[in-house]
Amino acid sequence: MAHTTLDLRQGGPQPNGQGAAPAVAMHDLRKSYGESRALDGLTLTIPGGEIFALLGPNGAGKTTAIEILEGYRTADSGAATVLGLDPSHDAGPLKRRVGVVLQEDGVYPGLTAGELLSLYASYYADPDDPIALLDRVGLGSVAATRCRHLSGGQKRRLALALALVGRPDLLFLDEPTTGLDPHCLLYTSPSPRDRQKS
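Source: prediction; values computed, not measured. (Residues numbered from 1 in each chain as written. Predicted model: local features only at pLDDT ≥ 70, side-chain atom pairs only at ≥ 80, totals over all residues. Heavy atoms only, no water.)

Undergrad: Explanation requested: the pattern of salt bridges in the structure shown.
TA: When charged atoms on two side chains of opposite charge get close, those side chains can pair. Inspection of every chain in the model, using the stated rule, returns nine salt bridges. Asp126 is paired through a salt bridge with Arg167; the nearest N and O atoms lie 4.0 Å apart. Here the residue Asp126 occupies a position in the loop between helix H3 (113-121) and helix H4 (130-136), and Arg167 occupies one in the loop between helix H5 (152-164) and strand E5 (170-173), the gap between them amounting to 41 residues. (Salt bridge = Lys/Arg side-chain N within 4 Å of Asp/Glu carboxyl O. Helix = DSSP H or I, 4+ residues; strand = E, 2+ residues; numbered from the N terminus.)

Undergrad: Whenever I open this one, the environment of Leu85 confuses me. Can you help?
TA: Its place among the elements puts Leu85 in the loop between strand E3 (77-82) and helix H2 (91-95). Filtering out sequence-adjacent residues up to four positions away, Leu85 remains in contact with Ala80, Asp90, Pro93, Leu94 and Arg97. (Contact = heavy atoms within 4.5 Å.)

Undergrad: Explain the side chain of Lys62 here, please?
TA: Mapped onto the secondary structure, Lys62 falls in helix H1 (residues 62-70). By relative accessible area, which is 15% here, Lys62 ends up buried. From its side chain, Lys62 meets the backbone oxygen of Pro57 in a polar contact 2.9 Å long. Ignoring anything within four residues of it in the chain, the contact list for Lys62 reads Leu54, Leu55, Gly56 and Pro57. (Buried < 20%, exposed > 50% of the residue type's maximum accessible area, 1.4 Å probe, protein only. Polar contact = N/O pair within 3.5 Å; in protein donor to acceptor, adjacent residues only side chain to side chain.)

Undergrad: Please clarify how the environment of Leu54 should be interpreted in this entry.
TA: Note that Leu54 resides in the loop between strand E2 (36-46) and H1. With twelve residues separating them along the chain, Leu54 and Ile66 place their C-alpha atoms 9.1 Å apart. Those residues within four positions of Leu54 in sequence are excluded, and the remaining contacts are Lys62 and Ala65.

Undergrad: What exactly am I supposed to notice about the pairing of E5 here?
TA: Because side chains alternate across E5, one face comprises the buried residues Leu170 and Phe172, and the other comprises Leu171 and Leu173, none of which is buried. Bridge count for strand E4 (residues 98-101) against E5 is four bridges, and the pairing is parallel. Note on E5: the bridge partner recorded for Val98 is Leu170. (Pairing = 2+ DSSP bridges.)

Undergrad: Before we go on, may I ask you to explain the side chain of Asp174 in this structure?
TA: Relative to the elements of secondary structure, Asp174 occurs in the loop between E5 and helix H6 (182-188). The buried charged residue Asp174 lacks any salt bridge partner; its closest oppositely charged side chain belongs to Lys62, at an N-O distance of 7.3 Å. Apart from residues no more than four positions distant in its own chain, Asp174 is found in contact with Thr63, Ile66, Val101, Leu102, Gln103 and Arg156. (Lys, Arg positive; Asp, Glu negative; His and termini not counted.)

Undergrad: Help me out: how do you make sense of H1 in this one?
TA: Of all nine residues that make up H1, seven are buried, and the element is covered over most of its length. When we look at burial in H1, the residues that qualify are Lys62, Thr64, Ala65, Ile66, Ile68, Leu69 and Glu70. Of the surrounding secondary structure, the elements contacted by the buried residues of H1 are strand E1 (24-33), E2, E3, H2, E4 and E5. Positive phi shows up at Gly71, right after H1, with a value of about 90°.

Undergrad: So what exactly am I meant to see when it comes to the nonpolar core here?
TA: Most often, soluble globular proteins have nonpolar side chains that are buried together. Grouped together as the largest cluster of nonpolar side chains are 22 residues, with contacts concentrated most on Leu117 and Leu158. Counting residues per element, the ones that place at least two in this core are H3, H4 and H5. Leave out the neighbours within four places in its chain, and Leu117 touches Pro130, Leu133, Leu134, Ala161, Leu162 and Val165. Core analysis: the next-biggest nonpolar cluster, separate from the first, contains 19 residues, Leu29, Leu39, Leu44 and Leu69 among them. (Core = buried A, V, L, I, M, F, W, Y, C linked by side-chain atoms within 4.5 Å.)

Undergrad: Teacher, can you tell me more about H3 here?
TA: Count 3.6 residues to each turn of an α-helix, and residues three or four apart come out pointing the same way. Residues of H3 that are buried: Ala113, Gly114, Leu116, Leu117 and Ala121. Looking straight down H3, one finds its buried side chains confined to an arc of 165°; they lie on one side. Buried-residue contacts for H3 involve H4 and H5. (Arc of directions from axis to C-beta.)

Shown next, in the form of structure tokens:
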């Protein structure tokens, strides 16, 4: 199934080459918290260039699976690779190639949106332009606003910009639409390329 995506990075979409390694692979992934089993043998392969949604009820293990793939948690057993790297052993190289939008935003309240995005950009060798990126996520007009004064939806847009500023090869979105207003959903829906051009 083909998907059209809005690519907020400069340079547009990156095609997946035939025969390329999968973007994400999990085999027999297991994770328990005490007596509670969050993952029980999850096996899944996601090719590069795809949009993939992991859906399920609260407590089904979605966030646990994502956190293992991001390298924030380790599995009890099984194997996982992201962009050909093991998240539990290759955290440094992986973090340079992956953008993450967490369920909850952890922004510095005293910095402005522009200052925070510029700070994050300084962590990368070839970052996207922070001001242009703020414009692309609809926050250009609040670049000089302190994060503590941003609305919930604006903070979610900023979190998306923070995840994209390093020009990631892969983007993880955990509960991506929580707190977003309907206008911003146009920028994060699965097929808004035509809206971007208008």
